[in-house]
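For reference, the chains in residue letters:
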Amino acid sequence: MNKNWQLLIQLQELTLLRKGMGLVSPAAPEESLDNVDQRLNKVRLKLPGLLLAQFDKLMRQYPDAIAVLSGQTCSSCHQEISPRLASQIENSREPLRCEHCDRFLIPKERVPDYVTLA
């Protein structure tokens, strides 16, 4: 998996963790808000500017910025994408986006075992 994909997945995981931490305040959090914020900033600095801007825009629109491509179907908007785009996504090392909802699409086969994307 390419570095930008790894960084996008990390960024989404940390962003969702941070949002969840903002909703509840457990007595003894496993991880402090400051620690998560520091990790978020480190990942954000490693991403190219355009990818980061696209990610931020998607996270303002949706609860997640990354969707799984299963066959030719986006797991988030449940729309079928064109065969041409599906082929490009399968063969590309760079993140490409759904032509319907605009989320980043990762082929099901490339999703790391430790990740649980919707």
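Predicted, not measured: the structure shown is a model, and the values here were computed from it.

**Description of the environment of Gln61**
Then, number 1: Looking at the secondary structure, you find Gln61 in helix H3 (residues 49-61).
Then, number 2: The partly exposed category is assigned to Gln61, whose relative accessible area is 47%.
Then, number 3: Distance in space between the C-alpha atoms of Gln61 and Cys101 is 9.8 Å, their sequence separation being 40 residues.

**Things to note about the side chain of Asp64**
Then, number 1: On the secondary structure map, Asp64 appears in the loop between H3 and strand E1 (66-70).
Then, number 2: Within the structure, the side chain of Asp64 is placed 3.0 Å from the side chain of Arg103, a separation counted as a polar contact.

**Structural notes on the packing of aromatic side chains**
Then, number 1: This structure, assessed with the given rule, holds zero aromatic pairs.
Then, number 2: Between Arg97 and the ring centre of Phe104, over which it is positioned, the NZ or CZ distance is 5.4 Å.
Then, number 3: Looking at Arg103, its charged tip hangs above the ring of Tyr62, at a distance of 3.7 Å from the centre.

**Structural notes on the pairing of E1**
Then, number 1: Extensive coverage of E1 is indicated by the burial of four of its five residues.
Then, number 2: Note that E1 and strand E4 (residues 104-107) share four bridges and pair parallel. Note on E4: the bridge partner recorded for Ala67 is Leu105.
Then, number 3: Bridge analysis of E1 against strand E2 (residues 73-74) gives two bridges, and the strand direction is antiparallel.

**So, the nonpolar core**
Then, number 1: Counting residues in hydrophobic clusters, the biggest one holds 22 residues, and the most contacted among them are Leu8 and Phe104.
Then, number 2: For this core, the element with the most residues is helix H1 (residues 3-23), which contributes seven residues.
Then, number 3: Counting residues in each nonpolar core, the second largest holds ten residues, with Leu69, Cys74, Ile89 and Leu105 among its members.

Here is what the cut-offs are and how they apply
Residues numbered from 1 in each chain as written. Predicted model: local features only at pLDDT ≥ 70, side-chain atom pairs only at ≥ 80, totals over all residues. Heavy atoms only, no water. Helix = DSSP H or I, 4+ residues; strand = E, 2+ residues; numbered from the N terminus. Buried < 20%, exposed > 50% of the residue type's maximum accessible area, 1.4 Å probe, protein only. Polar contact = N/O pair within 3.5 Å; in protein donor to acceptor, adjacent residues only side chain to side chain. Phe/Tyr/Trp six-rings, centres within 6.5 Å; stacked < 30°, edge-to-face > 60°. Lys NZ or Arg CZ within 6 Å of the ring centre and 35° of its normal. Pairing = 2+ DSSP bridges. Core = buried A, V, L, I, M, F, W, Y, C linked by side-chain atoms within 4.5 Å.

The values reported here are purely geometric and, on their own, carry no functional implication.
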